[in-house]
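# Remarks on the overall topology
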Amino acid sequence: MPTPPDDLVGMGADLEPGTLLAAYRAGLFPMPVEGTIGWWSPDPRGVVPLDGLRVSRSMRRSCQRFEVRFDTNFAGVVAACADPSRPHGWITGDIEAAYTRLHELGWAHSVEAWARDDGSLAGGLYGVAIGGLFAGESMFHRRRDASKVALVALVERLRAIGAALLDVQWCTPHLASLGAVEVSRMRYLQLLADALTRPVTWG
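First things first, this report covers the structure right here in the doc. (Residues numbered from 1 in each chain as written. Predicted model: local features only at pLDDT ≥ 70, side-chain atom pairs only at ≥ 80, totals over all residues. Heavy atoms only, no water.)

## Observations regarding the pairing of strand β3 (residues 36–40)
- The buried fraction of β3 amounts to four of the five residues, a majority that puts the element mostly inside the structure.
- Note: strand β1 (residues 8–11) against β3, three bridges, orientation antiparallel. From the neighbouring strand, Leu8 faces β3, where its bridge partner is Trp40.
- As defined by bridge partners, strand β2 (residues 29–33) adjoins β3 across five bridges and the pair is classed as antiparallel. Among the inter-strand pairings, Met31 is bridged to a residue of β3, identified as Gly38.
- Here β2 folds back onto β3 in antiparallel fashion, the turn holding two residues, of which Glu34 has a positive phi close to 50°. (Buried < 20%, exposed > 50% of the residue type's maximum accessible area, 1.4 Å probe, protein only. Helix = DSSP H or I, 4+ residues; strand = E, 2+ residues; numbered from the N terminus. Pairing = 2+ DSSP bridges.)

Below, the structure is given as structure tokens:
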């Protein structure tokens, strides 16, 4: 996906857990650029208001076709998101390993949509939770609406635990159809500062 050059604000550093967590707390996230880690802070930034998710009647019906689980197959979700056959793929082995480590430490989480008819992993997403922030990283689907069902479940979970901010990086047409909006970088950092102060527990 083409992005404005000023969305890229830094290059280099490592993907150690402390580095990643400090980056998210500063409003940054990593994405490789020509073999080097780039640090991104989109302006405008895509967010999904937790009270603004659009769930149509057809989507409600789709939700009945899947069972949603959290953190039961993080590796499977990340591997599916990293599938090299996907267009605009960017998840390298280093990225995969770094977020797996964050998951093992309790910071990164998966939301999985499992098909009720055959029990297969049909779609899902993963991201990083810090306080009242959930920073979505990537999503995938193998069946229609499966990733959307995972997003619906994520928003319901975030509302239930008192989270404040669902970051989706860039507001794509797909996400906009579900209620994602754009906010300025300055506004995002204000929302982030509030979210990080919230004593939210994921589990």
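## Quick notes on the pattern of salt bridges
- Under the counting rule described, the total for this entry stands at eight salt bridges.
- Residue Arg60 pairs with Glu156 through a salt bridge whose shortest N-O separation is 3.6 Å. Of the two residues, Arg60 sits in helix α2 (residues 57–63) while Glu156 sits in helix α5 (residues 146–161), which places them 96 residues apart along the sequence.
- On the basis of relative accessible area, Arg60 is assigned to the partly exposed category, the value being 42%.
- Residue Glu156 is classed as partly exposed on the basis of its relative accessible area, which comes to 45%.
- The partner of Arg69 in a salt bridge is Glu67, and the shortest N-O contact between them spans 3.4 Å. (Salt bridge = Lys/Arg side-chain N within 4 Å of Asp/Glu carboxyl O.)

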